[in-house]
Amino acid sequence: MIGLMVNLREAAVHFSFILSNKSFSFSKIVACIVASAIWQFAYLAIAQEVPIASGNSPLFQLLQPKQSGIEFTQPIDLQHPMKYLYVGGYASAGIAIGDINGDGLQDLFFSGGPVANRLFLNASQAQHIRFTDITSQSGIEANNAWAAGVTFVDVDGDSDLDIYVCYYDSPNQLYINQSTDNQIRFVESARQFGLDLVDASFMPTFCDFDRDGDLDLFITGYQYINPAGRPAELPVTERNGKTEVLPQFQKYYGIVPGLDGTPTFTNVGRADYLLRSNASETQGKQIRFQDITQQAGISGIGVGNSAVWWDYNQDGWPDLYVGNDFKVADQLFRNNGDGTFTDVIQETVSHTTWFSMGSEVGDINNDGILDFLISDMAGTTHYRSKVTMGEMSVNAEFLRTAEPRQLMRNALFIGTGTDRLLEAAYLCGLANSDWTRGRQIGGLG
């Protein structure tokens with residue numbers, strides 16, 4: 001049955017191409033329609049096998065901040081000197097979940113933008129869930145930098161979780177866990193490790209991409225925002241027959257080809273970074289991370305909201321999916337196994353999300369192959385769909401010609417164990433969820 005499912009899926013994937021090919025007979029087209037219908041029926045049958053909660057008891061109970069001890073707010077502060085960051089992804093706070101002291105309970109770190117970062121220790125007992133704010137006594141520094149993504153990760157390989165925080169136009173921070181049995185303590189050490197990157201850093205994700213036994217780091221770049229807003233007069237000049245942005249504005253704006261090839265002045269994103277750890281080679285000396293972005297084949301200027309490592313083609317090497325906001329195409333970097341990557345997004349998926357947000361990997365259909373979910377902003381009602389959709393008169397040509405096509409709805413890519421992924425968000429009821437920045441896949445039973 002599994003082999004049959006794969007063949008039917010492939011038939012459905014290529015159906016749209018067959019319709020446009022005059023060499024296919026009517027009988028072949030009908031056969032493909034039948035195959036597509038059978039695939040949808042079979043897929044829904046699989047989904048029906050998943051057990052659901054029985055009875056009237058709710059799966060979750062809402063705890064108020066006073067009950068849980070988690071009191072954290074990411075405010076909209078219109079008096080903040082960096083309030084211009086609210087227009088994009090930096091408006092949202094980041095969160096990391098992990099056990100920092102080895103007691104088996106999950107602790108929380110919140111990265112604040114207009115407010116300071118906070119670390120909460122899970123002090124729950126029995127059925128009583130309770131967290132304690134240990135930010136000040138744990139060594140987490142208060143600063144005026146605007147934080148974005150954060151992750152718990154064992155950077156130095158000593159079997160406890162450290163903390164890495166990305167910032168907007170300020171050095172990223174690495175808090176090394178130096179806790180004892182009697183005290184939870186972190187020491188900021190980004191410079192020593194070569195991780196004090198300064199850029200429009202957004203989301204960090206660690207993975208041993210070269211399989212040498214240590215964790216390497218990928219950071220998505222987002223976008224620099226001009227605090228003064230877009231200039232009334234375009235800050236451009238002509239040089240050698242080409243239009244260029246003036247140097248002092250180049251981190252905000254760029255010249256890109258329009259749909260008709262005309263040079264167009266626009267906001268631009270930032271480059272991503274791939275940093276390789278030398279931990280497996282240090283033999284007890286200081287661990288350092290080296291920027292290998294260009295030599296690894298990681299290229300392009302994006303507006304990265306998320307990045308996920310996973311072996312999409314099951315060749316044993318971690319690959320990398322980067323979800324970019326706005327009209328910037330998503331990227332799927334296939335790991336070539338020799339320290340380099342190749343962007344294979346166009347030959348791997350039929351379409352992507354348009355305003356790509358959060359992404360996550362999990363086995364949706366329990367076939368032992370990991371699938372991939374990435375969110376967008378598709379409305380859950382007709383009204384919301386109309387008031388949140390992109391302006392068609394401006395974007396019609398882009399939507400018609402983008403490679404791969406970009407659709408403003410969530411995408412669920414089903415892993416096949418081959419070099420192709422099959423999109424099934426509508427079949428699974430996951431295409432529309434309003435403006436969805438975050439997502440998580442897991443069992444609730």
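See the structure printed just above.
Rules behind the numbers
All residue numbers refer to position in the chain's written sequence, counted from 1. Note on the predicted model: pLDDT of at least 70 is required for a residue's local features to be given, and 80 or more for side-chain atom pairs to be given and counted; whole-chain, interface and lining totals, by contrast, use all residues. To get the side-chain values, take all heavy atoms of the structure and skip hydrogens and water. Strands are runs of DSSP state E lasting at least 2 residues, helices are runs of H or I lasting at least 4, and numbering of each runs from the N terminus. Any residue under 20% of the maximum accessible area for its type is buried, any over 50% is exposed, and the rest in between are partly exposed; the area is computed with a 1.4 Å probe on protein chains only. Any two residues whose heavy atoms approach within 4.5 Å are treated as being in contact. Exposure was quantified through the Shrake-Rupley algorithm and a 1.4 Å probe, taking into account, for residues, occlusion by the shown protein chains and nothing else. Any Lys or Arg side-chain nitrogen found within 4 Å of a carboxyl oxygen on Asp or Glu counts as a salt bridge. As used here, the term nonpolar core means buried Ala, Val, Leu, Ile, Met, Phe, Trp, Tyr and Cys residues forming a set that is joined through side-chain atoms within 4.5 Å. Strand pairing is assigned whenever DSSP detects at least two bridges linking the two strands. Throughout, an axis means a line fitted to C-alpha atoms (over the contacting stretch in the case of helices), and angles, computed between N-to-C directions, take values from 0 to 180 degrees. Any pair of Phe, Tyr and Trp rings, taking the six-membered ring for Trp, is counted once the centres come within 6.5 Å. Such a pair is stacked with planes under 30 degrees apart, edge-to-face with planes over 60 apart, and tilted for the rest. Any pair of nitrogen or oxygen atoms within 3.5 Å is treated as a polar contact; in protein, a donor-acceptor pairing is required on top of that, and neighbouring residues in sequence qualify only through side-chain atoms on both sides. In this tally, Lys and Arg are treated as positive and Asp and Glu as negative; His is ignored, and so are the chain termini. Patches here are clusters of residues that have more than 30% relative accessible area and form no salt bridge, with a 9 Å joining cutoff for like charges and a 5 Å cutoff for nonpolar side chains (Val, Leu, Ile, Met, Phe, Trp, Tyr). Note on charges: their place is set at NZ of Lys, CZ of Arg, CG of Asp or CD of Glu.

Student: For this particular structure, what's the right way to read the overall build of the protein chain?
Tutor: Assigned secondary structure in the protein chain consists of 10 helices and 28 strands. In the protein chain, buried positions account for 45% of the 445 residues. When contacts within the protein chain are restricted to residue pairs at least 6 apart in sequence, those whose partners lie at least 24 apart make up 56%. When the accessible surface of the protein chain is totalled, it reaches about 23,000 Å², and 54% of it is carbon and sulfur.

Student: Sorry, what's going on with the pattern of salt bridges here?
Tutor: Oppositely charged side chains can pair when the atoms bearing their charge come close. All chains considered together, the criterion is met by 11 salt bridges. Salt-bridge contacts for Lys251 lead to Asp169; the nearest nitrogen and oxygen are separated by 3.9 Å. One end of the pair, Lys251, is in the loop between strand S12 (242-245) and strand S13 (253-257); the other, Asp169, is in the loop between strand S6 (162-168) and strand S7 (173-177), and 82 residues separate them in sequence. When its relative accessible area of 30% is taken as the criterion, Lys251 is described as partly exposed. Judged by relative accessible area, which is 38%, Asp169 ranks as partly exposed. One salt bridge in this structure joins Asp199 and Arg270, with 2.8 Å as the shortest N-O distance. One end of the pair, Asp199, is in the loop between helix H6 (190-193) and strand S9 (201-207); the other, Arg270, is in strand S15 (residues 270-271), and 71 residues separate them in sequence. For Asp199, a relative accessible area of 3% corresponds to the buried category. Counted as one network, the salt bridges with shared partners bring together Asp210, Asp212, Arg276 and Glu281.

Student: So what exactly am I meant to see when it comes to the nonpolar core here?
Tutor: Counting 18 residues, the largest nonpolar core has Met82, Tyr84, Leu85, Tyr90, Trp146 and Tyr168 as the members making the most contacts within it. Those residues within four positions of Tyr168 in sequence are excluded, and the remaining contacts are Met82, Tyr84, Leu85, Tyr90, Trp146, Asp199, Ala200, Ser201, Gln223, Tyr224 and Ile225.

Student: Sorry if this is basic, but what is going on with the sheet that holds strand S24 (residues 359-362) here?
Tutor: Neighbouring strands of a sheet are bound in pairs by backbone hydrogen bonds; such pairs are parallel or else antiparallel. As summarised here, the arrangement of the four strands in space is S24-S25-S27-S28, forming an open sheet in which the pairing is antiparallel. The strands lining the two open edges of the sheet, one partner per strand, are S24 and strand S28 (421-423). When strand polarity is set aside, the average angle formed by the axes of neighbouring strands in this sheet is 20°. Sheet topology places strand S27 (residues 411-415) next to S28; three bridges connect them, and they run antiparallel. The residue of S28 that forms the bridge with Ile414 is Leu422.

Student: Honestly, the packing of aromatic side chains in this entry has me stumped. Any pointers?
Tutor: Aromatic ring pairs are described here by two measures, namely the spacing of the ring centres and the angle between the planes. Applying the stated rule across the entire model yields 23 aromatic pairs. Taken together, a centroid distance of 5.4 Å and an interplanar angle of 80° make the contact between Tyr86 and Trp146 edge-to-face. Of this pair, Tyr86 sits in the loop between helix H4 (65-68) and strand S1 (94-98) while Trp146 sits in strand S5 (residues 146-153), and the two are 60 residues apart along the sequence. The exposure classification of Tyr86 matches that of Trp146, with both residues buried.

Student: Honestly, the sheet that holds S6 in this entry has me stumped. Any pointers?
Tutor: Taking strand neighbours across the sheet as the criterion, the four strands line up as S5-S6-S7-S8 in an open arrangement whose pairing is antiparallel. Two strands bound the open sheet, and with one partner strand each, they are S5 and strand S8 (186-188). Within this sheet the neighbouring strands show an average axis-to-axis angle of 20°, counted without direction. Pairing analysis gives three bridges linking S7 to S8, with the strands arranged antiparallel. Each bridged residue has a counterpart across the sheet, and for Tyr175 the counterpart in S8 is Glu188.

Student: Where do I start with the side chain of Asn122 in this structure?
Tutor: Within the secondary structure, Asn122 is located in strand S3 (residues 118-122). Residue Asn122 is classed as buried on the basis of its relative accessible area, which comes to 10%. Polar side-chain contacts of Asn122 include one of 2.6 Å to the side chain of Ser124. Contacts of Asn122, omitting those with residues within four sequence positions, involve Asp103, Leu105, Gln106, Asp107, Arg130 and Phe131.

Student: It is not clear to me how unusual backbone geometry should be interpreted in this structure. Could you clarify?
Tutor: Generally, phi is negative for residues other than glycine and the peptide bonds are trans, each holding for most cases. Cis peptide bonds are those with omega within 30 degrees of zero, and the linkage from Glu403 to Pro404 qualifies with -10°. Along the chain, the position of Pro404 falls in the loop between helix H10 (392-401) and strand S26 (405-407). Of note in this structure, Asp434 is not a glycine but carries a positive phi near 60°. Mapped onto the secondary structure, Asp434 falls in the segment after S28.

Student: Where do I start with the side chain of Asp160 in this structure?
Tutor: Residue position: Asp160 is located in the loop between S5 and S6. Arg185 is the oppositely charged side chain nearest to the buried, salt-bridge-free Asp160, at an N-O distance of 13 Å. Contacts of Asp160, omitting those with residues within four sequence positions, involve Val153, Asp154 and Asn177.

Student: Would you explain a negative patch on the surface in this entry?
Tutor: Among the surface-exposed residues, Asp315, Asp343, Glu347 and Asp419 lie close enough to one another that they form a single negatively charged patch. Locating Asp419 in the fold gives a position in the loop between S27 and S28.

Student: Explanation requested: the environment of Phe131 in the structure shown.
Tutor: Looking at where Phe131 falls in the secondary structure, it is placed in strand S4 (residues 131-133). Since its relative accessible area comes to 10%, Phe131 is described here as buried. When the C-alpha atoms of Phe131 and Ser68 are compared, they prove to be 5.9 Å apart, with 63 residues separating the residues in sequence. Apart from residues lying up to four places away in sequence, Phe131 is in contact with Ser68, Gly69, Ile70, Gln106, Asp107, Leu108, Phe120, Leu121, Asn122 and Ala123.

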